[in-house]
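Coordinates in review
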Amino acid sequence: MGMPLIKLVLRVLIILVIYIIIFWALKIMYKDIKGGNRKRKSSKVFGLEVVQIGQGNKNLKVGSLIPIHNILSIGRREDNLLVLHNQYISGQHAKIYVKNNEFFIEDLNSTNGTIVNDKLIEKPTYLKAGDEIMIGEYLFRVIA
C-alpha cells in the first residue's frame, strides 16, 4: 500500500511543477508583449558640438561632441569637466546642469560672461537643441 501512495504523490508533484513552469513562462511572455520589462530613459541625450575653438587648444577639435549627463563645469582651471585654455575664460566660468529633466546654463560670475544665441546671459538660461553658446573664443552648438 505504501508504494502506490508514493507514486501518486510523485505524479501530483510532477504535474504541479509543470503547471508552475507553464504559468511562469506565460507571465514572462505577457510582460514582454506589454513592454513591462523595458527600461525607459527619463532624460534626453544631450551634448555640445564644438563649432569653433580658441587658438592653441590641443584638447578639442571642431566637430567633437561633448556629452552632458548631470552637470558640466566649464572653465580654465583643471578641476572643471570641460577645460578651456584661453585668456578670456575664467577659472570657473560656467556650468550646464539638469533641472526637472531640462538643461540650463549658468554663468558663474565670469569676467567676460557667457553668450547664448548672441545674448549675454545674467541668470540660468534654458537650453534647447540648436542653441549656440559662446565662451571666450569657443563656440558650441547644443545637440539633443
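Here the structure is a predicted model, which is why all the values come from computation and not from measurement.

The rules we used
- Residues numbered from 1 in each chain as written.
- Predicted model: local features only at pLDDT ≥ 70, side-chain atom pairs only at ≥ 80, totals over all residues.
- Heavy atoms only, no water.
- Pairing = 2+ DSSP bridges.
- Helix = DSSP H or I, 4+ residues; strand = E, 2+ residues; numbered from the N terminus.
- Phe/Tyr/Trp six-rings, centres within 6.5 Å; stacked < 30°, edge-to-face > 60°.
- Buried < 20%, exposed > 50% of the residue type's maximum accessible area, 1.4 Å probe, protein only.
- Core = buried A, V, L, I, M, F, W, Y, C linked by side-chain atoms within 4.5 Å.
- Contact = heavy atoms within 4.5 Å.
- UniProt positions renumbered as here; feature names shortened; annotations may be inferred.

Strand order in this open sheet of five strands is β4-β3-β5-β6-β9, and the pairing throughout is mixed. In the strand order of this sheet, the two ends are held by β4 (82-83) and β9 (125-127), each with one partner. Direction of pairing for strand β5 (residues 94-99) relative to strand β6 (residues 102-107): antiparallel, over a ladder of six bridges. Note on β6: the bridge partner recorded for lysine 99 is glutamate 102.

Applying the stated rule across the entire model yields four aromatic pairs. Measuring from centroid to centroid gives 3.8 Å for phenylalanine 46 and phenylalanine 103, while their planes differ by 5°, and the two rings are stacked. Note that phenylalanine 46 is positioned in strand β1 (residues 46-52) and phenylalanine 103 in strand β6, a separation of 57 residues in sequence. Across the pair, exposure class does not vary: phenylalanine 46 and phenylalanine 103 are buried alike.

Turning our eyes to something else, we now look at the nonpolar core. General note: in soluble globular proteins, nonpolar side chains tend to be found buried as a group. Within the largest apolar cluster, 23 residues are counted, with the highest numbers of intra-cluster contacts made by Leu48, Leu84, Ile96, Leu127, Ile133 and Phe140. Within the residue set of this core, elements represented by two or more residues are β1, β2 (65-68), β3 (71-75), β5, β6, β10 (132-135) and β11 (138-143). Not counting residues within four places of it along the chain, the set of residues in contact with leucine 127 comprises Phe46, Ile96, Phe103, Phe104, Ile105, Val116, Ile133 and Val142.

Here we take up the pairing of β5. Note on strand geometry: in a regular strand, side chains alternate between the two faces of the sheet. The sheet contact formed by β3 and β5 spans four bridges and is antiparallel. The residue bridging isoleucine 74 from the neighbouring strand is alanine 94, located in β5. Between the end of β5 and the start of β6, which pair antiparallel, lie two residues, with asparagine 100 showing a positive phi angle near 55°.

Under the feature "transmembrane region" (unreviewed entry), the UniProt entry names residues 12-30. End C-alpha atoms of residues 12-30 are separated by 27 Å, and the span's content is 100% helix alongside 0% strand.

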